[in-house]
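Here is how the chains run, residue by residue.
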Amino acid sequence: MKTTLRTDLTVRDICDGFVYNELEAKGLFGLGGKLTIQPEYQRNYIYADGKRDVAVIDSILKGYPLGLIYFVKTEDGRFEVLDGQQRITSLGRYVTNKFAVQDDEGMEQLFMGLASDLQAKILDTQLLIYECEGTESEIKEWFKTINIAGVPLMPQELLNAVYSGPFVTAAKAEFSNSNNANAQIWAHYLSGELKRQDYLETALDWVSHGNISGYMSAHRQDTNINELKTYFTSVMDWIRSVFVDVEPQMKGLEWGRLYETYHNKAYNQQEVHTLVQQLLTDDCVDNRRGVFEYILGGCSDPKLLNIRVFDDRTKKKVYNMQTADAKASGISNCPLCALESNNNRTRIWKLTEMDADHVTAWSRGGATTEDNCQMLCKTHNRAKGNK
């Protein structure tokens, strides 16, 4: 890859004709329309937090270097930003009065409110820019290399760079667009940030059954995302058809896997609603995020709920009472051993040789309380299971 260092471009040059799309968090164009600030392989703008964007402007006002910026020269003589789009977008947003910085008196100042000498200081600041020329594979490999430092690229952001093309363009327009009204609904069920490509990553993970890279490679030149969008919509519609409740514990569950496993089963929405509310308010349930798969699976796997166990004080108290009664009656302190005809019928087990058990199983309404606790020898407790 060929590189040429340029020092002739200023902030004024770069911000000439600057266009920013607020809804998609994209710095689109600059350099009089000759510079594409955010080509498809670039992530969305993430500096708009009142800290990092302000720091860019503050650095220029204090005379600090902004660091190297890399442009790619395209075949038609135009340029794309390879590295530095966050800084360039911050500059463009500031000189077009999209945010304010504090002056020495602590007052918030838009660019148009700055003294003329400070405006000139910003606009006339020269930038260090490497102009790069090379093949697509060379450019993208370099892009991955220079993004190891700083704010690291998320895995999906890297994949967007590797497989940039019409499919990524269409997919980002659907799943990385904050103007998409459905994003508010998705936020109840998906973890991560829309602008950091987390929603897109989830959608691709679902439709590809975990093989995102392979799927993106196969569909790179597709001009539509019909399969991706249809599958994602099917999962979301299924969730909302089963669970009328929208609970905080739903966020970030493996909904794609759950859909594949359970979507062919029929559910009564009102019964599901009742079960959700009962389980989420049950003090014995330690893992409330497991409630939803527990219900989908027919309430057959209590391990998903991590049911609260009896504490040591309760176990010791029940053990002492059972042992005293057993010795007085000449039988084993394990109630089930006492019913047998072998040598264990009169055996007194040590506390460490016994486990606490629900007399009435938790799954059948039994509480994790002292009056529903019995101590069984480990063999019988394992055999009893959920009976």
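Located above this text is the structure these notes cover.
Residues numbered from 1 in each chain as written. Predicted model: local features only at pLDDT ≥ 70, side-chain atom pairs only at ≥ 80, totals over all residues. Heavy atoms only, no water.

## Quick word on the packing of aromatic side chains
Convention followed: Each Phe, Tyr or Trp ring (for Trp, its six-membered ring) is paired with any other whose centre lies within 6.5 Å, and the angle between the two planes then decides the class: stacked below 30 degrees, edge-to-face above 60, tilted in between. Here a helix means four or more residues in a row that DSSP labels H or I, a strand means two or more in a row labelled E, and each is numbered from the N terminus. Summary of the burial criterion: residues with accessible area below 20% of their type's maximum are buried, those above 50% are exposed, and those between are partly exposed, where the area comes from a 1.4 Å probe applied to protein chains only.
If you walk through the whole model with that rule in mind, you get 15 aromatic pairs. Consider the rings of phenylalanine 167 and tyrosine 215, whose centres lie 6.1 Å apart with planes at 65°: the pair is edge-to-face. Taken as a pair, phenylalanine 167 in helix H7 (residues 166-175) and tyrosine 215 in helix H10 (residues 212-219) lie far apart in primary sequence, 48 residues in all. Tyrosine 215 shares its class with phenylalanine 167; the two are buried. Judged by centre distance (5.4 Å) and plane angle (80°), the ring pair of phenylalanine 243 and phenylalanine 292 falls under edge-to-face. Here phenylalanine 243, found in the loop between helix H11 (226-242) and helix H12 (255-262), pairs with phenylalanine 292, found in helix H14 (residues 291-296); they are 49 residues apart in sequence, far enough to count as distant.

## Overview of the nonpolar core
Quick reminder of the rule: By nonpolar core is meant a set of buried Ala, Val, Leu, Ile, Met, Phe, Trp, Tyr and Cys residues that side-chain atoms within 4.5 Å join together. Contacts are assigned to residue pairs that have any heavy atoms within 4.5 Å of one another.
If you look at the biggest cluster of nonpolar residues, it comprises 49 residues, and the most contacted ones within it are Leu228, Trp238, Phe243 and Trp255. In terms of residue count, H11 provides more of this core than any other element does, eight residues in total. In contact with tryptophan 255, not counting residues within four places along its chain, are Tyr189, Trp206, Val235, Trp238, Ile239, Phe243, Met250 and Phe292. If you look at the next biggest cluster of nonpolar residues, it comprises 32 residues, including Leu31, Ile60, Phe99 and Leu114.

## Digging into the packing of H7 against H11
Selection rule: Axis definition: a line fit to C-alpha positions, over the contact stretch in the case of helices; interaxial angles, taken between N-to-C directions, run 0 to 180 degrees. An angle counts as roughly parallel when it lies under 35 degrees, as roughly antiparallel when it exceeds 145, as roughly perpendicular when it falls between 65 and 115, and as oblique in every other case. Crossing chirality is assigned from the near helix's rotation relative to the far helix, an anticlockwise turn below a right angle marking it left-handed and a clockwise turn marking it right-handed. Polar here means any residue outside two lists: the nonpolar Ala, Val, Leu, Ile, Met, Phe, Trp, Tyr, Cys and Pro, and the charged Asp, Glu, Lys and Arg; Gly therefore counts as polar.
Contact geometry of H7 with H11 gives a least axis separation of 10 Å together with a crossing angle of 30°. Taken together, the axes of H7 and H11 lie roughly parallel to each other. H7 and H11 meet at a crossing whose hand is right-handed. Along its contact with H7, which presents Phe167, Ala171, Glu174 and Phe175, the element H11 presents Leu228, Lys229 and Phe232. Among the residues making up the contact of H7 with H11, the classes are represented as five nonpolar, no polar and two charged.

## Digging into the pairing of strand S9 (residues 129-133)
Here is the rule: What makes two strands pair is DSSP finding at least two bridges between them.
Of the pairings in the sheet, the one linking strand S1 (residues 2-6) to S9 comprises five bridges and is antiparallel in character. Bridged to arginine 6 within S9 is isoleucine 129. Pairing of strand S5 (residues 69-73) with S9 involves four bridges; the strand directions are parallel. Note on S9: the bridge partner recorded for valine 72 is cysteine 132.

## Overview of H12
Along an α-helix, residues three or four apart share an orientation, since each turn contains 3.6 residues. Stated precisely, the cut-off is as follows: This arc corresponds to the set of directions leading from the helix axis out to the C-beta atoms.
When H12 is considered as a whole, its buried residues turn out to be Trp255, Gly256, Leu258, Tyr259 and Tyr262. Buried residues in H12, looked at end-on, bunch into an arc of 165°, giving them a common side. Looking at the buried side of H12, the elements it contacts are helix H9 (198-208), H11 and H14.

## A look at the state of the cysteines
The following threshold applies: In what follows, a disulfide is any cysteine sulfur pair within 2.5 Å.
Per the stated rule, a full pass over the model turns up zero disulfides. Here cysteine 337 is not cross-linked by a disulfide; its sulfur's nearest cysteine counterpart is in cysteine 334, at 3.7 Å.

## Considering H7
If you check which residues of H7 are buried, you get Phe167, Val168, Ala171, Lys172, Glu174 and Phe175. Taken end-on, H7 shows its buried residues confined to a sector of 160°, consistent with a single buried face. Of the surrounding secondary structure, the elements contacted by the buried residues of H7 are helix H6 (155-162), helix H8 (183-186), H9, H10 and H11.

## Brief notes about unusual backbone geometry
In this structure, leucine 31 is a non-glycine residue whose phi angle is positive, near 55°. Topologically, leucine 31 is positioned in the loop between strand S3 (26-30) and strand S4 (35-36). Residue class for leucine 31 comes out buried when judged on its relative accessible area of 15%. One non-glycine residue, glutamine 197, adopts positive backbone phi at about 75°. Looking at the element boundaries, glutamine 197 is found in the loop between H8 and H9.

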